[in-house]
There are 2 protein chains.
Amino acid sequence: MLITGLSGSNGLEVGLSRVVNKELLPIEMKLFPDGESYIRFVKDVRGEDLIIIQSLYPNQDKKFFELLLAVDTAKDLGCRRVITIIPYLAYARQDKRFLDGEAISIKTLLKTLSFIGVDYLITIDIHKEESLKFFNGNSMNLDPTKLYVSKLYGVVKNPVVVAPDQGALDKAVKLSKLLLNSTYVVFRKFRDRVTGSIRHEVVDVDVSGRDVIIVDDIISTGGTVANIASYLREKGASNIYVVCSHGLFVGEALSKIYSSGVSRVYSLNTVPLPVGVEPIDITPLLTEAILSLNLT
Amino acid sequence: MLITGLSGSNGLEVGLSRVVNKELLPIEMKLFPDGESYIRFVKDVRGEDLIIIQSLYPNQDKKFFELLLAVDTAKDLGCRRVITIIPYLAYARQDKRFLDGEAISIKTLLKTLSFIGVDYLITIDIHKEESLKFFNGNSMNLDPTKLYVSKLYGVVKNPVVVAPDQGALDKAVKLSKLLLNSTYVVFRKFRDRVTGSIRHEVVDVDVSGRDVIIVDDIISTGGTVANIASYLREKGASNIYVVCSHGLFVGEALSKIYSSGVSRVYSLNTVPLPVGVEPIDITPLLTEAILSLNLT
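Here goes a summary of the coordinates provided. Here the structure is a predicted model, which means the values were calculated and not measured.

The rules we used
Residues numbered from 1 in each chain as written. Chains lettered and ligands numbered in written order. Predicted model: local features only at pLDDT ≥ 70, side-chain atom pairs only at ≥ 80, totals over all residues. Heavy atoms only, no water. Core = buried A, V, L, I, M, F, W, Y, C linked by side-chain atoms within 4.5 Å. Buried < 20%, exposed > 50% of the residue type's maximum accessible area, 1.4 Å probe, protein only. Contact = heavy atoms within 4.5 Å. Helix = DSSP H or I, 4+ residues; strand = E, 2+ residues; numbered from the N terminus. Axes fitted to C-alpha atoms, helices over the stretch in contact; angles between N-to-C directions. Parallel < 35°, antiparallel > 145°, perpendicular 65-115°, else oblique. Left-handed = near helix turned anticlockwise from the far one by under 90°. Nonpolar A, V, L, I, M, F, W, Y, C, P; charged D, E, K, R; others polar. Pairing = 2+ DSSP bridges. Least-squares fit on C-alpha atoms with pLDDT ≥ 70 in both.

Counting residues in each nonpolar core, the largest one holds 88 residues, and the members touching the most others are Leu-110 and Leu-113 of chain A together with Leu-110 and Leu-113 of chain B. The residues touching Leu-110 of chain A, leaving out its near neighbours within four places in the chain, are Leu-89, Leu-121, Ser-131, Leu-132, Phe-134 and Phe-135 of chain A.

Our next topic: the side chain of His-246 of chain A. All names here are of chain A. Note on placement: His-246 falls in strand β14 (residues 240-247). Its relative accessible area of 1% is what places His-246 among the buried residues. In this structure, His-246 is in contact with Pro-87, Tyr-88, Ile-124, Asp-125, Asp-217, Ile-218, Ile-219, Ser-267 and Thr-270, ignoring residues within four places of it in sequence.

On to the packing of helix α4 (residues 145-152) of chain A against helix α5 (residues 169-178) of chain A, then. Residue and element names in this part refer to chain A. At their nearest, the axes of α4 and α5 sit 10 Å apart, and the two run at 50° to each other. Taken together, the axes of α4 and α5 are oblique relative to one another. Crossing of α4 over α5 shows right-handed handedness. On the side of α4, the interface is formed by Thr-145, Lys-146, Tyr-148, Val-149 and Leu-152, while α5 contributes Lys-171, Lys-174, Leu-175 and Leu-178. Considering only residue class, the contact of α4 with α5 consists of 5 nonpolar, 1 polar and 3 charged.

Turning next to the sheet that holds strand β6 (residues 81-86) of chain B. Residues and elements named next belong to chain B. Taken in spatial order, the 6 strands of this open sheet run β2-β1-β5-β6-β7-β8, and their pairing is parallel. Whereas interior strands pair on both sides, the edge strands pair on one side only; in this sheet they are β2 (23-24) and β8 (138-142). Pairing of strand β1 (residues 2-5) with strand β5 (residues 49-53) involves 4 bridges; the strand directions are parallel. When the bridges of β5 are listed, Ile-3 appears paired with Ile-51. Relative to the sheet, helix α1 (residues 12-19) contacts β1, β2, β5 and β6, its axis offset from that of β1 by approximately 165°. Sitting on the sheet, helix α8 (residues 283-292) touches β5, β6, β7 (120-124) and β8, and the angle it makes with β8 is about 150°.

Here two copies of a chain appear, and what relates them is a rotation about an axis with a shift along it. When chain B is fitted to chain A, the best match, at an RMSD of 0.0 Å, comes from turning it 180° and sliding it 0.0 Å along the axis. Such a turn and shift between the copies fits a two-fold axis. Closest to the rotation axis within chain B is the C-alpha of Asp-61 of chain B, separated from it by 2.7 Å. Interface residue correspondence from chain B to chain A reaches 100%, placing this contact among same-surface, isologous pairings.

Given below as structure tokens:
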């Protein structure tokens, strides 16, 4: 078994290859002056099981095509099985036709990956687990809740876990269960699919003097989290923590979040994180998953 | 039959739909804040033959994924046949393993397009025609030589047509045949595949006092063309013209070319062209190709 990382691996292959004690495969990667990606396997991979790590954070399309090149080439060169670890899976929020005629982008992405030769797909906290049905092969969606807990335990006291919307309810329930003496609440978000405007319908809960944890899978522009944090601050919340799996923090997202009264922001290191975000290392979770596969 | 263009169509769908007198299909396209593409068909396409125009100039990977979304969705929505016109096909220069272990990028790209549902692929002056074998479906590679001639005829007199390397020889021969009283020469280019350095081996030809046309399929950084033009200028060439199919002109390419003594640069409008390049419209060539398909 060999392990390699492409341009979006966020460096995870290095620690991972040490922990599971498997060889790190170097891959030559470059960009031509016009922006075309180039990849080359500089070592023989015939007969090997190969783990390729590539997270699909922006520029997601470039990373996606690079992944197609790597998988197609690995198979061409005689790799036995190709296992791809995609810590952050782009396009997962477009998982159905919210309006007639829309692309189901995650379907296009996942079916292409299976076609090109991915035998096993490992991802973390995909937006909707049922989207994995579009991948024609074996897959695993890793639950990061225990990683959240290992960071938050002892930091927060008697917290209220807040799900920004119905989609994050499961996450909030799981986290709440693993944190002793915690309760959870859900905000209801209504998104107008035509204009894109968002309205939050808040629920009554006494957060006065209590620690609050806002939990979500993806933070992009940070608008939702900032709105909710401001509301909670008004209601007298003590410390407000934000924990997410995939902290994209597009543009001024992080400033917006801290300005709204948040004390601390945590994210898995499925994507590169800016200063001001406390990283939660996913290596233990990936290690467990790899070991469960019994690769040779 | 319907015609539509995606973000890389370079506007070609508008004129084309008028000339062939077929309906222009509007598609809603946008980018989410994190850079993910979104597309939506706002009209019913069931049972229709659909022509999608998308050229793959930089950012080529973004345009490629958008094309996958469009084709997959069109088929999902019940389109009968999907014909894609890709005036400029990215990754065509990486058409074999020049070094062991390299990706054959054009293979990955073309096999993915056939998998996702493209029934018919039309392109113009692909770097190597035999690459189309990687596309599992019908395809057409359109020869632009007569378009070149329609622009150059009367402008150049008794010209020498120059192929910058062996790969452009066929183009030079064809162009030379259609231009009366012209001759052709080939420069030999040797590219070191490891270091990337390029050396030109020039051939003896008397260009003194004659018009010269340098012809190539793709101009990217313009280095090759500029080197050759300088050499020809030293040898006493009169006017030097450059004609190409896909003028990418990355960075300072165009300045470099004009500084080397070139009088005028022509390119097909398969890609958006900067000021200083005389566009050659491909609409007539595409019209002919579409009409030959007998679509309903």
